[in-house]
Amino acid sequence: MTIRVVVADDQELVRSGFAMILDVQDDIEVVAEVGDGAAAVEAVRRLSPDVALLDIRMPVLDGIEACRTISAESTCRTVMLTTFDSDEYVYEALHAGASGFLLKDVRRDDLVHAVRVVAAGESLLAPSVARRLIEEYTATTGATARPELPTDRLEVLTARERETLLHLGRGLSNAEIAAALVVSEHTVKSHVGNVLAKLGLRDRIQAVICAYETGLIAAGTPSGE
């Protein structure tokens, strides 16, 4: 099956470079290249792609609002293009429904891998990215601005599922969670599925949000603590 992709970035060289890398893949087709968020939303409505790559900062409509609209109106999954040094709105993009994040200096192979992973219904959030997202958010908004979810929301989880959510919040992969809990990856997949279903979460990225907003993990907690 061919993965249909829309690429949205107001920098033409970045946009065309990403499109060129993706379009030469046998299983990926770039169906549109656009320069702003409004055009991205229109392209998704018209072409029904599988994945949209959205720059966070674009004219007319920024990537976050475009992501929010696309997530609400379609099954298209979104990957945000960002630079951690300058984008203070990455955490907000999580709430908008983003399925992954890529740095603009991403390697060719990692870009292709990201599109395939997200198109397959998974989310893309490496441990380092998870930590940087939360650090960026808390540094720019402060703890008092973070919406707090009731901790009793987690009471529906078993002790092992709660541990799983803790590790998800730290950005661990299934293999790393399996090693930490001394169980098989198959068991971890089952735990992850249960956590997402019981808490009404769409994917692992929303699990990261939940882990921080319920206070299960304190912002700035390093992986492994």
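Residues numbered from 1 in each chain as written. Predicted model: local features only at pLDDT ≥ 70, side-chain atom pairs only at ≥ 80, totals over all residues. Heavy atoms only, no water.

Asks: Just checking my understanding: could you explain helix H9 (residues 185-199) for this structure?
Replies: Since the α-helix packs 3.6 residues into each turn, any two residues three or four apart lie on the same face. Taking 1.5 Å per residue as the helical rise, H9 with its 15 residues ought to reach 21 Å, and the 21 Å between its terminal C-alpha atoms agrees with that figure. Its buried side turned inward, H9 meets helix H7 (159-169), helix H8 (174-181) and helix H10 (204-213). (Helix = DSSP H or I, 4+ residues; strand = E, 2+ residues; numbered from the N terminus. Expected span 1.5 Å × (residues − 1). Contact = heavy atoms within 4.5 Å.)

Asks: Looking at this model, I keep getting lost on the sheet that holds strand E5 (residues 100-103). Mind explaining?
Replies: Pairing is parallel across the open sheet formed by five strands, whose spatial order is E2-E1-E3-E4-E5. Since the sheet does not close on itself, it has two edges, and those belong to strand E2 (28-34) and E5, each with one partner. For this sheet, the mean inter-axis angle between neighbouring strands, taken without regard to orientation, is 25°. Judged from the four bridges that link them, strand E1 (residues 3-8) and strand E3 (residues 51-55) form a sheet pairing that is parallel. Note that in E3 the partner of Val7 across the bridge is Leu53. (Pairing = 2+ DSSP bridges. Axes fitted to C-alpha atoms, helices over the stretch in contact; angles between N-to-C directions.)

Asks: I would appreciate a short explanation of the packing of H8 against H9 in the present structure.
Replies: Two measures define how a pair of helices packs: the angle their axes make with one another and the distance between the axes. Where H8 contacts H9, the axes come no closer than 9 Å and their chain directions differ by 105°. Between H8 and H9, the angle falls in the class roughly perpendicular. Contacts from Asn174, Ala175, Ile177 and Ala178 of H8 reach H9 at Glu185, Val188, Lys189 and Val192. Across the contact of H8 with H9, the residue classes tally to five nonpolar, one polar and two charged. (Parallel < 35°, antiparallel > 145°, perpendicular 65-115°, else oblique. Nonpolar A, V, L, I, M, F, W, Y, C, P; charged D, E, K, R; others polar.)

Asks: What is the right way to look at the packing of helix H1 (residues 12-23) against helix H5 (residues 108-119) in this model?
Replies: One can describe the packing of H1 onto H5 by two numbers: an axis separation of 10 Å at closest approach and a directional angle of 70°. What the angle tells us is that H1 and H5 run roughly perpendicular. Between H1, through Phe18, Ile21 and Leu22, and H5, the contact on the second element is made entirely by Arg108, Leu111, Val112 and Val115.

Asks: Mind showing me how you'd approach the pattern of salt bridges here?
Replies: Pairs can form between side chains of opposite charge once their charged atoms are near each other. Under the criterion given, the structure shown has nine salt bridges. Between Asp27 and Arg116 there is a salt bridge, and its shortest N-O distance comes to 2.9 Å. Here Arg116 lies in helix H5 and Asp27 lies in the loop between H1 and E2, a separation of 89 residues in the sequence. On the basis of relative accessible area, Arg116 is assigned to the partly exposed category, the value being 35%. (Salt bridge = Lys/Arg side-chain N within 4 Å of Asp/Glu carboxyl O. Buried < 20%, exposed > 50% of the residue type's maximum accessible area, 1.4 Å probe, protein only.)

Asks: Sorry, what's going on with the confidence of the model for the protein chain here?
Replies: Interpretation of this model should avoid reading the predicted coordinates in detail wherever pLDDT is low. The predicted model of the protein chain averages 83 in pLDDT, with 81% of residues at 70 or higher. The least confident element of the protein chain, judged by mean pLDDT, is helix H6 (residues 127-141) at 57; the most confident is E1 at 98. Low pLDDT (under 50) marks residues 143-147, which in the prediction has nine contacts with non-local residues, meaning those over four places away or in another chain. In this model, residues 219-225 is a region of pLDDT below 50 whose contacts with residues beyond four sequence positions or in other chains number 13 contacts. (pLDDT = per-residue confidence, 0-100.)

Asks: What's the story with the side chain of Thr164 in this structure? I'm lost.
Replies: Structurally, Thr164 is set in helix H7. Looking at Thr164, the relative accessible area reads 0%, which means it is buried. With residues up to four places along the chain from it excluded, the contact list for Thr164 reads Ile177, Leu181, His191, Val192 and Val195.

Asks: Before we go on, may I ask you to explain the pairing of E2 in this structure?
Replies: Regular strands have side chains that alternate between both faces of the sheet. In terms of strand pairing, E1 meets E2 through six bridges, oriented parallel. Bridge pairing in E2 links Val6 to Ala32. Following the chain from E1 across H1 to the adjacent parallel E2, one finds a crossover that is right-handed. (Right-handed = clockwise from strand over helix to strand, strands pointing away.)

Asks: Got a minute to help me understand the environment of Glu176 in this structure?
Replies: As for its placement among the helices and strands, Glu176 is situated in helix H8. For Glu176, a relative accessible area of 38% puts it in the partly exposed group. Measuring from C-alpha to C-alpha, the distance between Glu176 and Val188 comes to 9.7 Å, with 12 residues separating the pair along the chain.

Asks: Even after reading the chapter, I still don't get the nonpolar core, so can you show me in this structure?
Replies: As a rule of thumb, soluble globular proteins bury nonpolar side chains together. Counting residues in hydrophobic clusters, the biggest one holds 26 residues, and the most contacted among them are Ala52, Leu54, Ile70 and Met80. Of all the elements in the fold, those that place two or more residues in this core are E1, E2, helix H2 (37-47), E3, helix H3 (63-73), helix H4 (90-96) and H10. For this core, the element with the most residues is H2, which contributes five residues. Once residues within four sequence positions are removed from consideration, Met80 is found in contact with Leu54, Ile56, Gly63, Ile64, Cys67, Ala93, Ala98, Gly100, Phe101 and Leu102. Listed in part, the 22 residues of the second largest apolar core include Ile28, Val106, Leu111 and Val117. (Core = buried A, V, L, I, M, F, W, Y, C linked by side-chain atoms within 4.5 Å.)

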